[in-house]
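Here is what each chain is made of, one letter per residue.
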Amino acid sequence: MPMLQHRPLAVHVLLAGLTGLLYPLCFPDFDLGWLAWVALLPLHLVLATATLRRAFWLGLLAGLIAFIGIVSWVVTAMHLYGKVPLAASNVLMVLLAAYLGLYVGLYALGATWLHRALPRLSLLGAPFLWVALEWFRTYLFSGLPWDLLGYSQYQWLTAIQIADHAGVYGVSFLVVLVNVALAETVLWVLDRSRRSSEG
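Below is a summary of the structure that appears in this document. (Residues numbered from 1 in each chain as written. Predicted model: local features only at pLDDT ≥ 70, side-chain atom pairs only at ≥ 80, totals over all residues. Heavy atoms only, no water.)

**As for the overall build of the protein chain**
Piece 1. Scanning the protein chain from N- to C-terminus turns up nine helices and zero strands.
Piece 2. Counting from the amino terminus, helix and strand elements in the protein chain follow one another as α-α-α-α-α-α-α-α-α.
Piece 3. Expressed as lengths along the three principal axes of its C-alpha atoms, the size of the protein chain is roughly 65 × 40 × 30 Å.
Piece 4. Out of the 199 residues belonging to the protein chain, those deemed buried represent 45%.
Piece 5. Long-range pairs, those at least 24 residues apart, make up 69% of the contacts in the protein chain between residues at least 6 apart in sequence.
Piece 6. In the form shown here, the protein chain has an accessible surface area of approximately 10600 Å², with 72% of it arising from carbon and sulfur atoms. (Helix = DSSP H or I, 4+ residues; strand = E, 2+ residues; numbered from the N terminus. Buried < 20%, exposed > 50% of the residue type's maximum accessible area, 1.4 Å probe, protein only. Contact = heavy atoms within 4.5 Å. Areas by Shrake-Rupley, 256 points an atom, 1.4 Å probe, with all protein chains shown as cover.)

This is the structure:
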């Protein structure tokens, strides 16, 4: 963890932005569903040393970038079929992406708090938080269930068997659990290598 701690803000922003870029690639039209298992990893690496405030803003940034990639089709729908001016369509799309990105910001804030306050529960707590926020996003304000993380695995039958009992949220839980476990492993290896080099 300390190896990331002294990195400049730009590195934190780049890693959070990388999560934002990877997320839409997990879904059609790109269909790189395997990326979902590591898409949250860059964000989690910076959350390990971020303040709660920075964690929220990094999560919001990741979510904004991700959902701009996901809801960009809204511009075409509003402009061509709704006759909304192109500039206004783009502004409305960014506002929608920012609203959806808030959920990732809240996740980043909550996951960081869990990691500090309840470290033994954070491995399971973070996936529960992600799934809860996906559920709220699906049903709050008439619902915006676009590209829930579990949907990225629609081509991988082994991964989606759990959906028979837990729905798409169970698949999302599993994917986030792997991301968090990978992040914890990477941080542990980095910390161990730092300690051995100092010793």
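Next, the rest of the story.
**A few points about empty space enclosed by the protein**
Piece 1. Inspection of the entire model under this criterion finds three cavities of 30 Å³ or more.
Piece 2. Taken as a whole, the largest cavity encloses approximately 110 Å³ of empty space.
Piece 3. Around the largest cavity sit His44, Leu47, Ala48, Ala111, Thr112, His115, Ser122, Ala126, Val180, Ala183, Glu184 and Leu187, which together line it.
Piece 4. The element best represented in the lining of the largest cavity is helix H9 (residues 163-198), accounting for four residues. (1 Å grid on protein atoms, 1.4 Å probe; cavity = no way out; pocket = protein on both sides within 12 Å on 5 of 7 lines; lining within 4 Å. Points joined across faces, edges and corners; volume = space filled by probe spheres on them.)

**Concerning the layout of surface pockets**
Piece 1. By volume, the largest pocket is sized at about 190 Å³.
Piece 2. Forming the walls of the largest pocket are Pro24, Pro28, Asp29, Phe30, Gly69, Ile70, Ser72, Trp73, Trp146 and Asp147.
Piece 3. The residue makeup of the lining of the largest pocket, split by class, is six nonpolar, two polar and two charged. (Nonpolar A, V, L, I, M, F, W, Y, C, P; charged D, E, K, R; others polar.)

**A word on unusual backbone geometry**
Piece 1. At the junction of Pro28 and Asp29, the peptide bond is cis and its omega measures out at 15° in the coordinates.
Piece 2. Residue Asp31 is not a glycine yet carries a positive backbone phi of 60°.
Piece 3. Its place among the elements puts Asp31 in the loop between helix H2 (9-25) and helix H3 (41-47).
Piece 4. Overall, the relative accessible area of 29% leaves Asp31 in the partly exposed class.

**Considerations on the packing of helix H6 (residues 86-117) against helix H7 (residues 122-139)**
Piece 1. Put simply, H6 and H7 touch, their axes get as near as 9 Å, and they point 160° apart. Relative to H7, H6 is oriented roughly antiparallel. Where H6 crosses over H7, the handedness of that crossing is right-handed. Side by side, H6 and H7 meet where Leu100, Tyr103, Val104, Leu106, Tyr107, Gly110, Ala111, Leu114 and His115 of the first sit next to Ser122, Gly125, Ala126, Leu129, Trp130, Leu133, Phe136 and Arg137 of the second.
Piece 2. Its residues placed into classes, the contact of H6 with H7 shows twelve nonpolar, four polar and one charged. (Axes fitted to C-alpha atoms, helices over the stretch in contact; angles between N-to-C directions. Parallel < 35°, antiparallel > 145°, perpendicular 65-115°, else oblique. Left-handed = near helix turned anticlockwise from the far one by under 90°.)

**Describing the environment of Glu184**
Piece 1. Assignment of secondary structure puts Glu184 in helix H9.
Piece 2. You can call Glu184 partly exposed: its relative accessible area is 32%.
Piece 3. As for Glu184 and His44, which are separated by 140 residues in sequence, their C-alpha atoms are 8.5 Å apart.

**Comments concerning the nonpolar core**
Piece 1. By size, the foremost hydrophobic cluster in this structure holds 43 residues, and its most contacted members are Tyr23, Leu43, Val71, Tyr107, Trp130, Leu149 and Val176.
Piece 2. Listed by contribution, the elements that provide at least two residues to this core are H2, H3, helix H4 (52-71), helix H5 (73-81), H6, H7 and H9.
Piece 3. If you tally residues by element for this core, the top one is H6, at nine residues.
Piece 4. Discounting residues that sit within four places of it in the chain, Leu43 has contacts with Leu15, Ala16, Thr19, Leu58, Gly59 and Val104. (Core = buried A, V, L, I, M, F, W, Y, C linked by side-chain atoms within 4.5 Å.)

**Concerning H7**
For an α-helix the count is 3.6 residues per turn, leaving residues at separations of three or four pointing the same way.
Piece 1. Spanning 18 residues, H7 covers 25 Å between terminal C-alpha atoms, matching the ideal 26 Å at 1.5 Å per step.
Piece 2. Looking at the buried residues of H7, the elements they touch are H2, H4, H6 and H9.
Piece 3. Where H7 ends, the next residue or the one after it, Phe141, has phi of about 55°, a positive value. (Expected span 1.5 Å × (residues − 1).)

**Thoughts on the packing of aromatic side chains**
Piece 1. With the rule as written, the count across this model stands at eleven aromatic pairs.
Piece 2. On the basis of an interplanar angle of 85° and a centroid distance of 5.4 Å, the ring pair of Trp73 and Trp146 is categorised as edge-to-face. Of the two residues, Trp73 is situated in helix H5 and Trp146 in the loop between H7 and helix H8 (157-160); the sequence distance between them amounts to 73 residues.
Piece 3. Taking 4.9 Å as the distance between ring centres and 65° as the angle between the ring planes, the aromatic pair formed by Phe128 and Phe173 counts as edge-to-face. Pair noted here: Phe128 is in helix H7 and Phe173 is in helix H9, with a separation of 45 residues, a long-range link.
Piece 4. On the basis of relative accessibility, which here comes to 55%, the residue Phe128 falls in the exposed class.
Piece 5. These aromatic residues form a ring-pair network of at least three members: Tyr23, Phe27, Phe67, Tyr107 and Trp130. (Phe/Tyr/Trp six-rings, centres within 6.5 Å; stacked < 30°, edge-to-face > 60°.)

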